[in-house]
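# A structural walkthrough
Read off the chains here:
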Amino acid sequence: MTGTSTVDRAARARAALAAAELRTGARTVLSTMLSEVPPLDAVAPDDAAALAVEVPRTSLLTSERPPLPVPPPLADLMPDGLRRGATTSVLGSTSLVLGVLAHACASGAWAVAVGHPRLGLLAAAQAGVDLARFALVPDPGADAALVLAALVDGIDVVLVGPGAPLADADRRRLSARARERGAALLTTTTWPGAAVVLDAGPARWSGVGAGDGRLRTSEVQVRRTGRGSAAVPTAVDVVLPFAPPGEHVPRGPVRRRTRAAGGLRLVG
């Protein structure tokens, strides 16, 4: 009975792996792994449990596909890029998180923002986000956990905002699902267990002159904390908005002011 049960479980496992291979396109990885593992019906019962422990548990998508690129100013804070299967919190700045999304989409990734009712497509486009690869779910409602779980299954980068009501248990399950599916989970709210936390400090704006001009750029200090390699706090000063991928954001035009005699200033 034990031998038959082991064979049945092995057959069901192979069928599930074959279905996952067709759905995710991870055919090369699966074939390599399965070729290295002998059939369970050819393994002694005493060795079956040990063999099951040795099977790698890392997500196939995570191991096969590289991390997503991040804006160059964040290279020191995220030397490994935006890691698939990991949860990254970006706090304190919408421009900061849009810059991260822009570089991910530029590399071919698909992204979705959930629970960000005030996030506009114009702002995303100006930050360099490829709108053809970006979707919005402003109000996921009471079923936010189910909506996010479905999106994590098929989207490369899932951004979770304050408009997605989640319990701590939901957050833990979503992080585990992202790790299994190889999705990059981004959050703009505090997320227990996040691998990387980027926290933007107060902004110092520039661009406004003496009575004219408009706000163009802001300088902020971004502090990184987290777990593992990100456990040592690190901070860098960055200028927002970032240059869109492959472009250079020009500075605003310098308006020359001509002063008239007597200390009067000519305007217009």
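Residues numbered from 1 in each chain as written. Predicted model: local features only at pLDDT ≥ 70, side-chain atom pairs only at ≥ 80, totals over all residues. Heavy atoms only, no water.

Moving on, we get to the overall build of the protein. Counting its regular elements, the protein contains eight helices and 11 strands. Burial status across the protein gives 35% buried among its 268 residues. (Helix = DSSP H or I, 4+ residues; strand = E, 2+ residues; numbered from the N terminus. Buried < 20%, exposed > 50% of the residue type's maximum accessible area, 1.4 Å probe, protein only.)

Let's shift gears to unusual backbone geometry. Phi is mostly negative for residues that are not glycine, and the peptide bonds are mostly trans. Residue Pro 241 is reached from Leu 240 by a cis peptide bond, and omega for that bond is 0°. By secondary structure assignment, the location of Pro 241 is in the loop between strand 9 (234-240) and strand 10 (258-259).

Attention shifts here to the confidence of the model for the protein. Within the protein, residue pLDDT values average 79, and 69% of them lie at 70 or more. The spread of mean pLDDT over the elements of the protein runs between strand 10, the lowest at 37, and strand 4 (residues 157-160), the highest at 98. Contacts for the low-pLDDT stretch residues 249-263, under 50 throughout, to residues beyond four places or in other chains number 18 contacts. (pLDDT = per-residue confidence, 0-100. Contact = heavy atoms within 4.5 Å.)

Okay, the nonpolar core next. The biggest cluster of nonpolar side chains holds 39 residues, and the ones touching the most others in it are Leu 74, Leu 82, Leu 96, Leu 101, Val 157, Leu 186 and Leu 198. Elements represented by at least two residues in this core include exactly helix 5 (94-106), strand 2 (111-114), strand 4, strand 5 (184-187), strand 6 (196-200), strand 8 (213-226) and strand 9. For this core, the element with the most residues is helix 5, which contributes eight residues. Leu 96 has contacts with Leu 74, Val 90, Leu 198, Ala 200, Val 222, Leu 240 and Phe 242, leaving out every residue within four places of it along the chain. By size, the runner-up hydrophobic cluster in this structure holds 19 residues, among which are Val 114, Ala 149, Val 152 and Ala 164. (Core = buried A, V, L, I, M, F, W, Y, C linked by side-chain atoms within 4.5 Å.)

Quick look at the pattern of salt bridges now. It is possible for side chains of opposite charge to pair when their charged atoms get near one another. Summed over all chains, the structure comprises seven salt bridges. Its salt-bridge partner being Asp 153, residue Arg 177 comes within 2.9 Å of it at the nearest N-O pair. Of this pair, Arg 177 sits in helix 8 (residues 168-181) while Asp 153 sits in helix 7 (residues 144-154), and the two are 24 residues apart along the sequence. According to the relative accessible area criterion, Arg 177 is partly exposed, its value standing at 28%. (Salt bridge = Lys/Arg side-chain N within 4 Å of Asp/Glu carboxyl O.)

Following the sequence through the fold, Pro 72 ends up in the loop between helix 4 (60-64) and strand 1 (87-91). Along the sequence, Pro 72 and Pro 245 sit 173 residues apart, while their C-alpha atoms lie 9.5 Å from each other.

Our focus in this paragraph is the side chain of Ser 175. Along the chain, the position of Ser 175 falls in helix 8. A polar contact of 2.9 Å, which involves the side chain of Ser 175, links it to the side chain of Trp 191. Beyond its immediate stretch of four places on either side in the chain, Ser 175 contacts Thr 87, Leu 185 and Trp 191. (Polar contact = N/O pair within 3.5 Å; in protein donor to acceptor, adjacent residues only side chain to side chain.)

Okay, the packing of helix 7 against helix 8 next. Close contact between helix 7 and helix 8 brings their axes to 9 Å; oriented N to C, the two are set at 10°. By the criterion of interaxial angle, the relationship of helix 7 to helix 8 is roughly parallel. Packed against helix 7, whose contacting residues are Ala 145, Leu 148, Ala 149, Val 152 and Asp 153, the element helix 8 presents Asp 170, Leu 174, Arg 177, Ala 178 and Arg 181 at the interface. Class assignment of the residues belonging to the contact of helix 7 with helix 8 gives a composition of six nonpolar, no polar and four charged. (Axes fitted to C-alpha atoms, helices over the stretch in contact; angles between N-to-C directions. Parallel < 35°, antiparallel > 145°, perpendicular 65-115°, else oblique. Nonpolar A, V, L, I, M, F, W, Y, C, P; charged D, E, K, R; others polar.)

Below, the discussion takes up helix 5. With 13 residues, helix 5 ought to run about 18 Å at 1.5 Å a step, and its terminal C-alpha atoms sit 18 Å apart, in line with that. Here helix 5 lies mainly inside the structure; 10 of its 13 residues are buried. Those residues of helix 5 not exposed but buried are Leu 96, Val 97, Leu 98, Gly 99, Val 100, Leu 101, Ala 102, His 103, Ala 104 and Cys 105. Among the residues of helix 5, the N-terminal cap falls to Ser 93, whose side-chain oxygen and the backbone nitrogen of Ser 95 are separated by 3.5 Å. One or two steps after helix 5, the chain reaches Gly 108, where phi turns positive at roughly 105°. (Expected span 1.5 Å × (residues − 1).)

A few words now on the pairing of strand 4. When a strand is regular, its side chains alternate between the sheet's two faces. Burial along strand 4 is two-sided: the residues Val 157 and Leu 159 and Val 158 and Val 160 are all buried. Note that strand 2 and strand 4 share four bridges and pair parallel. Looking across to strand 4, one finds that Val 112 is bridged to Val 158. Of the strand pairs in this sheet, strand 4 and strand 5 are connected by four bridges, and their pairing is parallel. By the bridge assignment, Leu 159 is partnered in strand 5 with Leu 186. Tracing the backbone out of strand 4, into helix 8 and back to the parallel element strand 5 gives a crossover that is right-handed. (Pairing = 2+ DSSP bridges. Right-handed = clockwise from strand over helix to strand, strands pointing away.)

A separate point is helix 7. Side chains three or four residues apart in an α-helix point the same way, a direct result of the helix having 3.6 residues per turn. Within helix 7, the full set of buried residues consists of Ala 144, Leu 148, Ala 149, Leu 151 and Val 152. Angular distribution of buried residues about the axis of helix 7 spans 170°; they occupy a single face of the element. Exposed and oriented more than 90 degrees from the buried face of helix 7 are Leu 146, Ala 150 and Gly 154. Contact partners of the buried residues in helix 7: strand 2, strand 3 (134-137), strand 4, helix 8 and strand 5. (Arc of directions from axis to C-beta.)

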